[in-house]
Amino acid sequence: MNFAAIRHHAYDNFCYPLNEDELILNIQTDKKITKVILYYGDPFRCILENGNWVWERFKVELTDVKELQNTLIWTTTVKPEYKRCKYYFEIHQDDEIQLFFEDGFYTPEDFIKNPDTTIPFCFPWMNSSDIANPPEWAKNTVWYQIFPARFCHSEKGPEIPDMEAWPTSNTKVKNEQKFGGNLEGIIEKLDYLYDLGINGIYLNPVNHASSQHKYDTIDYLKIDPDFGDEKTMQRLVKEAHKKGMHIMLDGVFNHSGWFFWAWQDVLKNKQNSKYASWYMVNDWNFDPNPCDNAAKGKFYSFAFTDYMPKLNTNNPEVLEYILKVCEYWVREYDIDAIRLDVANELSHNLCIQMRYRLRNIKPDFFIVGEIWNNSLPWLRGDQFDSVINYPLRSAIYDFQFKKEQNVKFLEQQINQCLTMYYKQTEQVMINQMDSHDTTRLITQTKGNKDETLLQFGMILTLPGSACIYYGTEVLLEGGKDPDCRRCMPWKEIEEGKFDSELEFMKTMIHMRREHPALRSLDMSFVYEKDDLDGNNRIVHIRKICKETNEAISCYFNFSDREYDYHLGSGKLLFSRKASKETLQPGGFAVILH
């Protein structure tokens, strides 16, 4: 038995409360392990056995097993009667049996001889305040991400000097170009979003800033004058709420802009500025103009971008200022969520206090972090509710483009994503295939509509909160930043150029919202007897919702040949590139059983 491959500890994603009654336990082993049994009980509960008081324990076999690239994750759920749980594992590899305790491994014989020398694992108390509790509404949300400067120009909005004419979909754009997208334009398109099936809007920064992307904040308490004013923002949120849509703003607190008042005072007074400690300056003899100061180590910034100097979020004054800004947004605009930019560089103290303060104002407030890697330190229930799920995006994207990968590898990668955090967190992860930071997917596939829609179709059938980047619903093209921020092609949409793409997205989004099985975490990959590794690249995912007894099969044809699926007594909810019960390459089908 490979002891080094066996991992468990009584905290984080290995052991955590799902709610006030249920405790989730996960254990990792290598793939040679054939059975895992859990022995558990209350640490203080004993029974009389052969004249001796012994610890009372119960036995359960772990039958929920997920395969990762090199390991297995075994899962079970128990209900500790008194909210405490002491436990150990019995691990089988064919005929070999080992008992796994916190202090190591024992044979059953050793344990029988010296039961009091072992140290079982222990989850001491299922404290309600420690339970990760993302808002219920986020589990059922399909987000729509809007880059305000390029989404929609309304004539009711503010006049902008040097504004250019709204371009067509095939027009490449640059950062400095102004096309006049504004908040009034978003308000005018709320009916469009509602019809599409959207019930959550994520806005890239709307605060006063120098650039068109607005990540270089000048004033956190003012709406950018190119977009509108505070009353327009309030009206946007109010009108969205009437349509059952939640609003998420982008919080850019890792850094300020060059013209933010605190940094301007630092530029003027250097180390004598009352805001000198708000930033991280290493050499006060830096050039007072944006150049290569950060690259030379003069001060810290976002990446090496001088005009975005990094805020010191360990500073109590900075922390309090940011918290008051967030409270202002919630109270004045009634927003429902914040997405934190460069979230993994913020102090944990800020993130903890932000959650506490904003939940006190709005108990079901939702906090999302922009983190591109494993984010468990921020997702333990005391800081963020969710992050942008870049690992899931990579798993699907890589499978599409690396034709040598089989379905088993895709399953392992998706299972890695589904076991990385708590179950309640997995239900609200922000799943999207492209964004303002990435090349648009249709451009990555070199215009291949089938490959593109296949990936978006998969995102809309997996657990989490699906997110559509504006223009994705019409397969808007766009290269690397800033070209991925092209203008929304409203004229071409109205002329019917993208009717088929829109119909596809609309159908998929509404279907996802109407069928809870598509959002469920209870899923499995199904393989044919003659293709147990999925070398034929036909992905069959079975989804189940136990609450509604709904079962759905999703077939995705990532191969270059036809595939015959079997409808049987099921009801075809949706198909693309399919005739009768045959999927063409790039086609998929969703079947209700």
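Refer to the preceding data block for the structure.
Residues numbered from 1 in each chain as written. Predicted model: local features only at pLDDT ≥ 70, side-chain atom pairs only at ≥ 80, totals over all residues. Heavy atoms only, no water.

Participant: With reference to specific residues and values, describe the overall build of the protein chain.
Facilitator: Each helix and strand in the protein chain was counted, giving 15 helices and 30 strands. On C-alpha atoms alone, the protein chain measures out to a radius of gyration of 26 Å, which is about the 25 Å that the 2.2 N^0.38 rule sets for 593 residues. Oriented by its inertia axes, the alpha-carbon framework of the protein chain measures out at about 90 × 70 × 45 Å. A total of 593 residues make up the protein chain; the buried ones form 60% of that total. A fraction of 67% describes how many contacts in the protein chain between residues 6 or more apart in sequence connect residues 24 or more apart. As displayed, the protein chain offers around 25200 Å² of accessible surface, 47% of which is attributable to carbon and sulfur atoms. (Helix = DSSP H or I, 4+ residues; strand = E, 2+ residues; numbered from the N terminus. Rg over C-alpha atoms; globule rule 2.2 N^0.38 Å. Buried < 20%, exposed > 50% of the residue type's maximum accessible area, 1.4 Å probe, protein only. Contact = heavy atoms within 4.5 Å. Areas by Shrake-Rupley, 256 points an atom, 1.4 Å probe, with all protein chains shown as cover.)

Participant: A description of the side chain of Thr 71 should follow, citing residues and the corresponding values.
Facilitator: Following the sequence through the fold, Thr 71 ends up in the loop between β7 (64-67) and β8 (72-78). Excluding residues that lie within four positions of it along the chain, Thr 71 makes contacts with Gln 28, Thr 29, Asp 30, Lys 31 and Lys 66.

Participant: Explain the state of the cysteines residue by residue, including any values.
Facilitator: Counted under the stated rule, the structure contains 0 disulfides. Cysteine Cys 85 is unpaired, with the sulfur of Cys 15 as its nearest cysteine sulfur at 6.7 Å. The class for Cys 85 is buried, based on a relative accessible area of 1%. (Disulfide = S-S within 2.5 Å.)

Participant: Give me the lowdown on the nonpolar core, citing residues and values where you can.
Facilitator: Of all hydrophobic cores here, the largest spans 124 residues; its most connected members are Tyr 144 and Met 233. Here the element with the most residues in this core is helix α7 (residues 316-333); it accounts for 10 residues. Residues in contact with Met 233, not counting those within four places in the same chain, are Leu 183, Leu 203, Val 206, Ile 223, Ile 247, Leu 249 and Tyr 333. Formed by 22 residues, the second largest nonpolar core is a distinct cluster that contains Ile 6, Ala 10, Leu 25 and Phe 123. (Core = buried A, V, L, I, M, F, W, Y, C linked by side-chain atoms within 4.5 Å.)

On their own, these measurements won't tell you what the molecule is for.
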